[in-house]
Amino acid sequence: MGGKCPHRSVKKRRYSHKSFRRSKFLVKGDDAVYDELQKGEEERKPLPVDEDLPGMGQYYCFHCDRYFANVSIRDEHFKTKRHRKRVKIMMGPAPHTQLDADLAAGMGKPDNGPKLMSM
Amino acid sequence: MRLEKCWFCSSTVYPGHGIQFVRNDAKIFRFCRSKCHKNFKMKRNPRKVKWTKAYRRLHGKDMTQDSTFEFERKRNRPERYDRNLTENTLAAIKKIDKVRVDRESRHHAKRMKPKKAQLQREAARELEQSISMVKAPGALQRDPSLTLPIKVKVSKPEKVDNRMEE
């Protein structure tokens, strides 16, 4: 999630480092986004109405974790290179997790013991 | 004492070492050193960074499937304390570790085996293709134009004699 690169032909539009830093931790992590996408259409809850978000939080891109003001802007976003890149990443293998790190370190899968109660 | 693994490079994080980051969805990320933490902040993928264990595993650099990997694991089950069991476990750790190190060295040797033959093949090809660069020492003596013009200082034997007289 880099900062926005200004277009070369426009002289005054500067790269905003501050807004980039501010938004860095607001964006969901790759693994959280991936888990959300794996859930499928039915399991997802309907988007909650939030008046602080653009478009009352109703126009959301799951891949990029962004809210849009209306449908047309969101559909415009779906055509962007950034979004398509993001979709490609999310279609690929699952992001690295702590479990992967443990397995790579030569540990076995976690041993949770026998299931005592059947839910 | 639980020894955790680094999220980025999969090395062991001992108590009092490294740093941990708790994301706002309560996921914990542990890092063994600032190098790993910085790489995480740069949003690098450990599978694409060559020095991490995840990369080495994925690309067949390290041993992947082995029965010795089944011993060390997170056990989320209570175990009643038993002195004999503890002693046996501590004795077994050394043995298992030795077996694992041996197998890893064997894996490495096996992986490096074709390297020597490849180097020899390359050397043979180089020799064959650029044999003209090599001249026999006899040819250099016969034709002095082949040698580089290096001036060699010749020490005078007279001075040495004077010193000896003094």
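- As annotated in an unreviewed UniProt entry, chain B carries the name Ribosome biogenesis protein RLP24 and is attributed to Salvia divinorum.
- Here chain B is described in UniProt, under the heading Sequence similarities (unreviewed entry), as follows: "Belongs to the eukaryotic ribosomal protein eL24 family."
- According to its UniProt record, chain B has this under Subcellular location (unreviewed entry): "Nucleus".

- Per an unreviewed UniProt entry, chain A goes by the name Zinc finger protein 593-like protein and belongs to Salvia divinorum.

### Let's talk about the environment of Thr12 of chain B
Residues and elements named next belong to chain B.
Next up, step 1: Examined against the element boundaries, Thr12 turns out to sit in strand E2 (residues 12–13).
Next up, step 2: The class of Thr12 is partly exposed, set by a relative accessible area of 29%.
Next up, step 3: Between the C-alpha atom of Thr12 and that of Cys32, which follows or precedes it by 20 residues, the distance is 7.1 Å.
Next up, step 4: Setting aside anything within four residues of it in sequence, one finds Thr12 in contact with Leu3, Glu4 and Lys5.
Next up, step 5: Within the structure, the side chain of Thr12 is placed 3.2 Å from the side chain of Lys5, a separation counted as a polar contact.

### Quick look at the interface of chain A and chain B
Next up, step 1: Taken together, the contact pairs 27 residues of chain A with 26 residues of chain B.
Next up, step 2: Regarding the contact of chain A and chain B, the summed buried area is about 2,200 Å², with carbon and sulfur atoms giving 45% of it.
Next up, step 3: Where chain A packs against chain B, one counts 4 salt bridges.
Next up, step 4: With its nearest N and O atoms 2.9 Å apart, the salt bridge here joins Arg47 of chain B to Asp100 of chain A.
Next up, step 5: Inspection of the region where chain A meets chain B yields 15 residue pairs in polar contact (both at pLDDT 80 or more).
Next up, step 6: Listing elements by their share of the side of chain A that touches chain B, those giving two or more residues are helix H2 (30–38) and helix H5 (98–104) of chain A.
Next up, step 7: Residue contributions to the side of chain A that touches chain B peak at 6 residues, all from H5 of chain A.

Rules behind the numbers
- Residues numbered from 1 in each chain as written.
- Chains lettered and ligands numbered in written order.
- Predicted model: local features only at pLDDT ≥ 70, side-chain atom pairs only at ≥ 80, totals over all residues.
- Heavy atoms only, no water.
- UniProt positions renumbered as here; feature names shortened; annotations may be inferred.
- Helix = DSSP H or I, 4+ residues; strand = E, 2+ residues; numbered from the N terminus.
- Buried < 20%, exposed > 50% of the residue type's maximum accessible area, 1.4 Å probe, protein only.
- Contact = heavy atoms within 4.5 Å.
- Polar contact = N/O pair within 3.5 Å; in protein donor to acceptor, adjacent residues only side chain to side chain.
- Buried area = accessible area lost by both parts, 1.4 Å probe.
- Salt bridge = Lys/Arg side-chain N within 4 Å of Asp/Glu carboxyl O.

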